[in-house]
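What follows is the residue order along each chain.
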There are 2 protein chains.
Amino acid sequence: MTKVASIIGGGVIGGGWAARFAIMGWDVRVYDPDPEAQRKIGEVMANAERVLPMLYEAPMPQRGAITFAGSLAEAVTGAAWVQESVPERLDIKHKVLAEIQAACPEDAVVGSSTSGFKPSELQDGAIRAGQILVAHPFNPVYLLPLVELVPGAATDPAVITHAKGILTDLGMYPLHVRAEIDAHIADRFLEAVWREALWLVKDGIATTEEIDNAIRYGFGLRWAQMGLFETYRVAGGEAGMRHFMAQFGPCLQWPWTKLTDVPEFTDELVDLIADQSDRQSGHMSIRELERLRDNNLVAILRALKQQEAAAGRLIRDHDDRLRGPLGDDVPLVTVQRKIPVDWTDMNGHMNEGRYGQLFSDASEELMAHVGADRAYIEAGHSFFTVETKVQYLHETHAGEDIYVTTHVMMAQGKKLQLWHEMRRTSDDTVLATCDQFLLHVSLETRRSCPPLPKVAAAIDALEAQHAEADQ
Amino acid sequence: MTKVASIIGGGVIGGGWAARFAIMGWDVRVYDPDPEAQRKIGEVMANAERVLPMLYEAPMPQRGAITFAGSLAEAVTGAAWVQESVPERLDIKHKVLAEIQAACPEDAVVGSSTSGFKPSELQDGAIRAGQILVAHPFNPVYLLPLVELVPGAATDPAVITHAKGILTDLGMYPLHVRAEIDAHIADRFLEAVWREALWLVKDGIATTEEIDNAIRYGFGLRWAQMGLFETYRVAGGEAGMRHFMAQFGPCLQWPWTKLTDVPEFTDELVDLIADQSDRQSGHMSIRELERLRDNNLVAILRALKQQEAAAGRLIRDHDDRLRGPLGDDVPLVTVQRKIPVDWTDMNGHMNEGRYGQLFSDASEELMAHVGADRAYIEAGHSFFTVETKVQYLHETHAGEDIYVTTHVMMAQGKKLQLWHEMRRTSDDTVLATCDQFLLHVSLETRRSCPPLPKVAAAIDALEAQHAEADQ
């Protein structure tokens with residue numbers, strides 16, 4: 001039977017929860033007296049449906065149904081999970097939790113999305129404190145895995161275990177917070193940064209955009225994959241975390257930020273952190289951690305480049321500056337590059353599909369060379385690949401320098417046939433070949449047609465040059 | 001003529017600068033009296049050579065030479081850029097800057113990697129204060145684009161412009177900091193977070209690993225692509241930044257972090273921030289910003305998944321939980337999925353190479369189905385693709401649901417031929433086909449050989465079943 005999740009309180013957070021549950025196969029019942037709730041949740045759901053399944057190679061479960069309940073009691077009856085996402089006022093939360101517990105099953109998990117209150121505050125006066133805990137997610141809830149799962153002293157350990165299992169099945173990461181404090185863990189950092197940012201803007205040191213750039217072109221990229229301590233462990237080098245703290249520790253006494261009350265930097269604190277860091281990352285050498293960090297950064301930066309966004313846009317611009325015109329050698333060298341880590345599997349072998357991408361890049365370079373460049377495409381003309389035949393001759397590995405030569409085999413009106421060879425730079429071994437057949441297309445009519453005269457002439461010239469070289 | 005960069009002070013930061021300059025075509029002269037400097041810089045250079053070129057599709061410039069100078073004067077003579085990365089003590093920096101200026105060209109840029117000192121402090125007493133500025137990079141310098149470029153009052157505006165151009169040509173992002181303060185911008189955030197983290201560990205609220213997870217599974221992913229303010233602008237919804245601040249503002253008064261001295265939350269401050277945010281992001285609607293954020297997050301998460309690292313590992317594990325065994329329908333459905341944004345170009349069309357990846361995924365599913373799974377590969381056996389012929393019949397777009405059917409055409413000893421069809425889920429239109437020829441290989445000898453009997457039997461059974469269905 002399909003499990004039921006109750007979402008009490010719509011909005012961006014409640015809507016995000018509803019979308020997670022429904023896309024992962026739960027039926028969802030929403031209760032929110034706001035007449036706009038249905039529209040708002042519908043918008044979040046549309047966003048989530050577009051992107052959450054994109055994270056996966058596996059097929060998605062059968063989508064659950066989202067319905068809107070006429071009363072809170074109707075929404076929570078028979079639910080296996082009830083998630084409260086009402087405004088951050090303790091009196092409202094207490095009232096809503098009491099209504100929930102009056103109607104929901106005794107074995108349901110009752111989670112609160114509160115970003116600030118402690119679970120014991122929420123449990124105060126509850127009829128079954130044992131089923132209540134904080135399950136604090138992060139926006140967008142349908143994409144970010146983190147949920148801070150904070151039990152109070154009264155939370156039943158079986159409920160915690162049960163909740164962790166459900167969150168994991170939703171594709172989330174339940175971070176079991178070992179001690180309850182205001183704002184849990186992550187929001188304390190967000191608060192500290194937000195406050196410092198307000199000072200910087202107020203004092204005219206930086207604008208909002210400059211601050212965002214200072215984050216997303218720098219430490220934001222580090223934190224997306226390693227967080228704070230493991231990043232610093234790597235920075236400490238072979239000497240590790242103790243060395244880093246010895247170096248960086250004294251700076252804490254300097255008046256860099258507005259607020260400088262720091263814990264006393266005792267040997268005990270250094271040992272505590274260094275020991276925890278050893279348990280966290282000690283199974284990898286600094287060299288291995290550096291490789292992990294660098295591979296992750298390459299993969300993230302290239303992912304952003306493919307989106308033409310954030311730091312990736314900088315790299316794309318730099319690509320354009322680095323890229324010179326092609327020569328007129330025969331065979332024509334269309335690509336020269338290093339195989340990046342996002343093109344290889346965990347054994348370092350280049351993935352089958354990336355050969356196709358490489359040859360596609362090669363023909364794109366050739367197109368630009370004959371004048372069928374971005375402007376040509378924007379003006380409504382393009383070559384479409386109709387068929388490719390790739391032969392895989394030798395394995396290729398991450399980090400190898402390779403180049404591609406491209407030969408115009410046939411150019412007849414709208415038809416174009418290219419022959420690509422991918423070679424290892426160090427010894428010119430042919431690693432793979434591609435026989436590519438393209439058709440020139442009008443992007444308006446979506447039908448094939450001959451290229452514009454200037455492009456046709458350039459292609460014909462290449463064909464003649466290449467045919468001559470063959471003799 | 002190849003330009004010369006002088007790196008004064010090796011180590012991780014100096015080494016990172018040396019690597020950036022050399023890989024981008026500059027000759028590099030290093031001066032560091034540490035007898036270990038050559039080894040240390042060699043290690044950083046090895047890391048950088050492995051990964052920096054991987055960011056690019058364009059060919060790299062001719063690599064510059066890295067040499068080690070016997071004296072500081074020798075290192076800086078004739079240099080166009082001198083970068084000081086010596087220990088963070090003002091007396092040492094003053095001494096080194098004086099030696100640099102005694103020997104370097106008057107039109108060289110003299111940059112300091114200082115993370116804490118203000119440029120005016122560095123310029124104090126200098127013979128040519130105009131050529132000195134702070135150029136503060138972020139580790140790993142060879143991958144992260146951010147450089148905080150902080151001029152002092154005495155810095156020559158032409159030097160600033162010149163420095164920006166050079167940093168951009170190195171593939172970096174010069175963030176021109178408009179007012180000098182201790183620790184510039186980014187390190188003030190790092191300080192604030194570091195201090196809060198120390199309290200959390202000291203007070204036993206969280207371990208180093210839990211803190212790292214709270215960052216890298218949550219807001220770290222947001223910050224890698226949007227930073228702080230644009231993220232919050234999106235969270236504010238259609239009402240924008242003012243609405244967000246009205247909601248979030250009051251929390252600042254709560255005792256969430258150890259240190260709660262906050263700027264007074266005046267209308268002027270709200271206006272200042274909201275206006276700056278409008279200038280930064282006002283050209284996009286909240287809906288567009290949400291799409292940008294979500295596309296970036298999907299791309300980053302999928303990049304990390306491909307590396308089996310950080311949040312990507314969570315998604316890979318979830319994939320494994322979502323993936324059920326294949327059915328035994330004919331034709332066999334091997335893939336069911338949505339086309340993700342990292343598979344498409346800026347116009348939303350699926351890239352040529354990703355068809356190859358899709359069909360490769362299809363054959364991998366078939367392999368697992370017949371027992372040639374990860375364990376089989378780890379035991380030293382595998383199928384290698386020798387040739388593929390792909391026909392591209394219709395355009396495919398991001399977000400489309402598709403499936404792949406796979407037909408065993410021929411199985412003879414070590415030879416295997418598969419026929420894949422990719423179809424649109426909504427109307428079963430065939431979008432592309434792939435004729436794939438594989439050979440079974442021993443991973444030990446790297447030579448072809450028949451599959452193990454159990455796998456061979458399963459493939460033969462499929463071949464017979466598929467042949468029968470054809471009749």
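Keep in mind that this is a model prediction, so the values were computed, not measured.

Parameters and conventions
- Residues numbered from 1 in each chain as written.
- Chains lettered and ligands numbered in written order.
- Predicted model: local features only at pLDDT ≥ 70, side-chain atom pairs only at ≥ 80, totals over all residues.
- Heavy atoms only, no water.
- Contact = heavy atoms within 4.5 Å.
- Buried area = accessible area lost by both parts, 1.4 Å probe.
- Salt bridge = Lys/Arg side-chain N within 4 Å of Asp/Glu carboxyl O.
- Polar contact = N/O pair within 3.5 Å; in protein donor to acceptor, adjacent residues only side chain to side chain.
- Helix = DSSP H or I, 4+ residues; strand = E, 2+ residues; numbered from the N terminus.
- Nonpolar A, V, L, I, M, F, W, Y, C, P; charged D, E, K, R; others polar.
- Pairing = 2+ DSSP bridges.
- 1 Å grid on protein atoms, 1.4 Å probe; cavity = no way out; pocket = protein on both sides within 12 Å on 5 of 7 lines; lining within 4 Å.
- Points joined across faces, edges and corners; volume = space filled by probe spheres on them.
- UniProt positions renumbered as here; feature names shortened; annotations may be inferred.
- Expected span 1.5 Å × (residues − 1).
- Buried < 20%, exposed > 50% of the residue type's maximum accessible area, 1.4 Å probe, protein only.
- Domains from an automatic or database assignment.
- Phe/Tyr/Trp six-rings, centres within 6.5 Å; stacked < 30°, edge-to-face > 60°.
- Lys NZ or Arg CZ within 6 Å of the ring centre and 35° of its normal.
- Least-squares fit on C-alpha atoms with pLDDT ≥ 70 in both.

How large an interface is tends to be reported as the accessible area lost when its parts come together. Residue-level contacts link 172 residues of chain B with 172 residues of chain A. In this assembly, chain B packs against chain A so that about 16300 Å² is buried in total across both faces, 63% of it on carbon and sulfur atoms. Inspection of the chain B/chain A interface yields 18 salt bridges. Close ionic contact of Arg 302 of chain A with Glu 57 of chain B constitutes a salt bridge, the shortest N to O distance being 2.7 Å. At the junction of chain B and chain A, the tally comes to 76 residue pairs in polar contact (both at pLDDT 80 or more). Considering each element in turn, the side of chain B that touches chain A owes the most residues, 18 residues, to helix H12 (residues 286-306) of chain B. Residue composition of the side of chain B that touches chain A, by class: 91 nonpolar, 38 polar and 43 charged. Examined bridge by bridge, strand E10 (residues 381-392) of chain A and strand E10 (residues 381-392) of chain B share five bridges and lie antiparallel to one another. Bridge pairing in E10 of chain B places Thr 388 of chain A opposite Val 390 of chain B.

Moving on, we come to empty space enclosed by the protein. This model, assessed by the stated rule, comprises three cavities of 30 Å³ or more. Considering only enclosed or pocket space, the largest cavity measures out at about 100 Å³ in volume. Considering the residues around the largest cavity, the lining is formed by 14 residues, among which Gly 356 and Tyr 392 of chain A together with Gly 356, Thr 388 and Val 390 of chain B are closest to the centre. Elements that contribute at least two residues to the lining of the largest cavity include exactly helix H14 (352-369) and E10 of chain A together with helix H14 (352-369) and E10 of chain B. Looking at the lining of the largest cavity, the element that brings in the most residues is H14 of chain B, giving four residues. Classifying every residue of the lining of the largest cavity by side-chain character gives six nonpolar, six polar and two charged.

This part takes up the UniProt feature "domain: 3-hydroxyacyl-CoA dehydrogenase NAD binding" (unreviewed entry) in chain A. The UniProt entry lists residues 6-178 of chain A under the feature "domain: 3-hydroxyacyl-CoA dehydrogenase NAD binding" (unreviewed entry), expressed in the numbering used here. With 38% helix and 20% strand, the stretch residues 6-178 of chain A has end C-alpha atoms that lie 26 Å from each other.

Between its first and last C-alpha atoms helix H2 (residues 37-51) of chain B spans 21 Å; for 15 residues at 1.5 Å apiece the expected length is 21 Å, and the two agree. Ala 37, Ile 41, Val 44, Met 45, Asn 47, Ala 48, Arg 50 and Val 51 of chain B are the residues of H2 of chain B that are buried.

Turning our eyes to something else, we now look at the domain arrangement of chain A. Domain annotation of chain A identifies domain 1 (4-176), domain 2 (186-292) and domain 3 (323-470). Taking the mean C-alpha position of each, domain 1 of chain A and domain 2 of chain A sit 32 Å from one another.

This structure, assessed with the given rule, holds 21 aromatic pairs over all chains. Residues Trp 223 of chain A and Phe 219 of chain B carry aromatic rings whose centres are separated by 6.4 Å and whose planes lie at 75° to one another, so their mutual orientation is edge-to-face. Within this pair, whereas Trp 223 of chain A is found in helix H8 (residues 208-223), its partner Phe 219 of chain B is found in helix H8 (residues 208-223), the two belonging to separate chains. The residues Trp 223 of chain A and Phe 219 of chain B share a single accessibility class, namely buried. Connected via pairs of aromatic rings, a cluster forms that spans Trp 17, Phe 21, Trp 26 and Trp 81 of chain A. It is Arg 337 of chain A that lies over the ring of Trp 343 of chain A; its NZ or CZ is 4.3 Å from the centre.

A few words on the pairing of strand E11 (residues 401-412) of chain A. The two faces of a sheet get side chains in turn, since along a regular strand they alternate between them. Residue and element names in this part refer to chain A. Along E11, nine of the 12 residues are buried, which leaves the element largely enclosed by surrounding structure. Bridge analysis of strand E9 (residues 332-338) against E11 gives six bridges, and the strand direction is antiparallel. Each residue of the ladder has a partner; that of Arg 337, found in E11, is Ile 402. Here E11 runs beside strand E12 (residues 415-424); their pairing, made up of 10 bridges, is antiparallel. In the sheet register, Met 410 faces E12, and the bridge partner there is Gln 417. With antiparallel pairing between neighbouring strands as the criterion, E11 and E12 make up a hairpin whose turn holds two residues, including Gly 413 at a positive phi of roughly 55°.

Mapping chain B onto chain A is achieved by rotating through 180° and translating by 0.0 Å along the same axis, at an RMSD of 0.1 Å. One copy is carried onto the other by what is essentially a two-fold rotation axis. Within chain B, Lys 389 of chain B has its C-alpha nearest the rotation axis, a separation of 2.1 Å. Mapped onto chain A, 100% of the interface residues of chain B again fall at the interface, so both copies present the same surface.

So, on to the side chain of His 466 of chain A. Residues and elements named next belong to chain A. Summarising the element assignment, His 466 is placed in helix H16 (residues 453-470). From its side chain, His 466 meets the backbone nitrogen of Val 408 in a polar contact 2.8 Å long. Aside from chain neighbours lying at most four places away, what touches His 466 is Val 330, Leu 332, Thr 406, His 407 and Val 408.

What follows concerns the pattern of salt bridges. Applying the stated criterion across every chain, the model contains 60 salt bridges over all chains. For the salt bridge of Lys 338 of chain A with Asp 401 of chain A, the shortest nitrogen-to-oxygen distance reads 3.8 Å. Of this pair, Lys 338 of chain A sits in strand E9 while Asp 401 of chain A sits in strand E11, placing them 63 residues apart in sequence. Accessibility expressed as a relative area gives 11% for Lys 338 of chain A, which makes it buried. Judged by relative accessible area, Asp 401 of chain A falls into the partly exposed class, the value being 39%. Close ionic contact of Glu 99 of chain B with Lys 95 of chain B constitutes a salt bridge, the shortest N to O distance being 3.3 Å. Of this pair, Glu 99 of chain B and Lys 95 of chain B are both found in helix H4 (residues 90-103), four residues apart, which corresponds to roughly one turn of the helix. A single network of salt bridges, built from pairs that share partners, joins Glu 57 of chain A together with Arg 302, Lys 305, Asp 319, Arg 337 and Asp 342 of chain B.

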